[in-house]
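Reading the structure
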Amino acid sequence: WASLPPMIVCTSWGFIFCLQNNFYPSHGCWTKPSWGAFKEMFIFGKDVMLMAIGSQLVNASQIMILGRFAGLEAAATYSIGTKFYSLGTQLTGRILESSAPALTEMFVRKESGLLRDRFTEIFSASLFIATSGAVALVVANATVVRWWTSGVIEWNFRWDLMLGALLLATTCSRCLVGLFGIAGNLRPVRNLYLAEAAVFLAIGIPAAAHFGIMGLMGASLVVHLMLTVAFSSVAARRLLASTAPLK
């Protein structure tokens, strides 16, 4: 119920704004429905679903793995201690999301040079903010968790180091994978998260059983870097038609 009012207001305001500024096609200029367009959109939606399933398998399985193989106390500790990490990933992801309409226009107009420059700037800004967030996690997260839970939960400093590295890695991969959403073609990366989930489950379960929270986060970081970040960076370079490394 709390999300219903902003959804109605935002949708209505967007419709009225576009209507007043003549952003919609005029009468007689709407394209006719076609099977080809429907098939293209259906394939794109299928790719989005595959990526969403893979992402859920990676992110939602961590607490379940800890609860089963390291104990419910470890799962509760992990759930509380990573709240600010989750907030950091949402903040860094908003930069590319808010820039997506402009980048999409550059892609449609085939302004490859301008698109490459703007994406590099957004990529750099996202990593800069992620670096600031990682430093904040390392410096203050353990203290905030201890204060928040009145000392009931003790959060390890090494776990904050791992969270900081994960924040940088996930920010990097989100920008690279998000580029394919802007291009409207997720096929090069549609199975990436599913592959990461399969490898993570195979490595994360024994790692959590033997090393607890540290083992799980270490497995998550290594798999994410070796699969998602590595393959998405190669695919993004090809998409941007550039052999120079992204900075």
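The paragraphs below set out a description of the structure included in this document. (Residues numbered from 1 in each chain as written. Predicted model: local features only at pLDDT ≥ 70, side-chain atom pairs only at ≥ 80, totals over all residues. Heavy atoms only, no water.)

Turning next to the overall build of the protein chain. Each helix and strand counted, the protein chain has 7 helices and 0 strands in total. Order of helices (α) and strands (β) in the protein chain, N terminus to C terminus: α-α-α-α-α-α-α. In terms of overall dimensions, the protein chain has a C-alpha envelope of 65 × 45 × 35 Å along the principal axes. Taking all 247 residues of the protein chain together, 35% fall into the buried category. Put simply, 75% of the contacts in the protein chain that link residues at least 6 apart link residues at least 24 apart. Each charge class in the protein chain was averaged separately, 18 positive and 11 negative side chains, and the resulting centres sit 7 Å apart. (Helix = DSSP H or I, 4+ residues; strand = E, 2+ residues; numbered from the N terminus. Buried < 20%, exposed > 50% of the residue type's maximum accessible area, 1.4 Å probe, protein only. Contact = heavy atoms within 4.5 Å. Lys, Arg positive; Asp, Glu negative; His and termini not counted. Charge placed at Lys NZ, Arg CZ, Asp CG, Glu CD.)

Size it by volume and the largest pocket reaches roughly 1100 Å³. Taken together, 39 residues line the largest pocket, and the ones lying closest to its centre are S55, N59, T89, R174 and Y193. Among the elements of the structure, α2 (35-69), α3 (72-81), α4 (83-108), α6 (157-183) and α7 (192-239) are those that each provide at least two residues to the lining of the largest pocket. When residues of the lining of the largest pocket are assigned to their parent elements, the largest contribution, 11 residues, is made by α4. Its residues assigned to classes, the lining of the largest pocket shows 17 nonpolar, 18 polar and 4 charged. (1 Å grid on protein atoms, 1.4 Å probe; cavity = no way out; pocket = protein on both sides within 12 Å on 5 of 7 lines; lining within 4 Å. Points joined across faces, edges and corners; volume = space filled by probe spheres on them. Nonpolar A, V, L, I, M, F, W, Y, C, P; charged D, E, K, R; others polar.)

The subject of this paragraph is the environment of G81. Positionally, G81 belongs in helix α3. G81 sits 133 residues away from M214 along the chain, and the two C-alpha atoms are 12 Å apart. Residues contacting G81, with those up to four places away along its chain left out, are N141, V145, W155 and L163.

Our focus in this paragraph is the nonpolar core. In this structure, L66, L163, I213 and M217 are the most contacted members of the largest nonpolar core, which totals 28 residues. At the level of secondary structure, the elements contributing two or more residues to this core comprise α2, α3, α5 (112-148), α6 and α7. Among the elements that make up this core, the one with the highest residue count is α7 (10 residues). Aside from chain neighbours lying at most four places away, what touches L163 is G81, T82, Y85, L137, N141, W155 and M217. Core analysis: the second largest hydrophobic core is formed by 24 residues, C172, F180, Y193 and A236 among them. (Core = buried A, V, L, I, M, F, W, Y, C linked by side-chain atoms within 4.5 Å.)

Along its length, α5 shows its largest kink, about 55°, at A140. Those residues of α5 that fall on the buried side of the exposure criterion are L115, F119, I122, F123, S126, A130, A134, L137, N141, A142 and V145. Elements that come into contact with the buried residues of α5 comprise α3, α4 and α6. One or two residues past the end of α5 sits S150, with phi positive at roughly 55°. (Bend = angle between axes of the 7 residues up to and from the residue.)

Here we take up unusual backbone geometry. Negative phi characterises most residues that are not glycine, and trans characterises most peptide bonds. Positive phi values are uncommon outside glycine, yet N22 reaches one of about 60°. Relative to the helices and strands, N22 resides in the loop between α1 (4-20) and α2.

This brings us to a nonpolar patch on the surface. Together, F15, I16, L19, Y24 and W30 make up a nonpolar patch on the protein surface, roughly 530 Å² of accessible area in all. Here W30 shows up in the loop between α1 and α2. Taking relative accessible area as the criterion, W30 reaches 56% and is therefore assigned exposed. (Patch = residues over 30% accessible without salt bridge, like charges linked within 9 Å, V, L, I, M, F, W, Y side chains within 5 Å. Areas by Shrake-Rupley, 256 points an atom, 1.4 Å probe, with all protein chains shown as cover. Salt bridge = Lys/Arg side-chain N within 4 Å of Asp/Glu carboxyl O.)

Mapped onto the fold, Q62 is located in helix α2. Residues within four places of Q62 in sequence aside, it is in contact with Y78, F200, L216 and S220.

On to the packing of α2 against α3. Orientation of α2 relative to α3, taken along the N-to-C sense of each, is 150°, at an axis distance of 6 Å. With respect to α3, the element α2 is oriented roughly antiparallel. Considering only the axes of α2 and α3, their crossing is right-handed. Residue-level inspection shows Q62, I63, L66 and G67 of α2 in contact with α3, the latter providing L72, A74, A75, Y78 and S79. Taken together, the residues that form the contact of α2 with α3 break down as 6 nonpolar, 3 polar and no charged. (Axes fitted to C-alpha atoms, helices over the stretch in contact; angles between N-to-C directions. Parallel < 35°, antiparallel > 145°, perpendicular 65-115°, else oblique. Left-handed = near helix turned anticlockwise from the far one by under 90°.)

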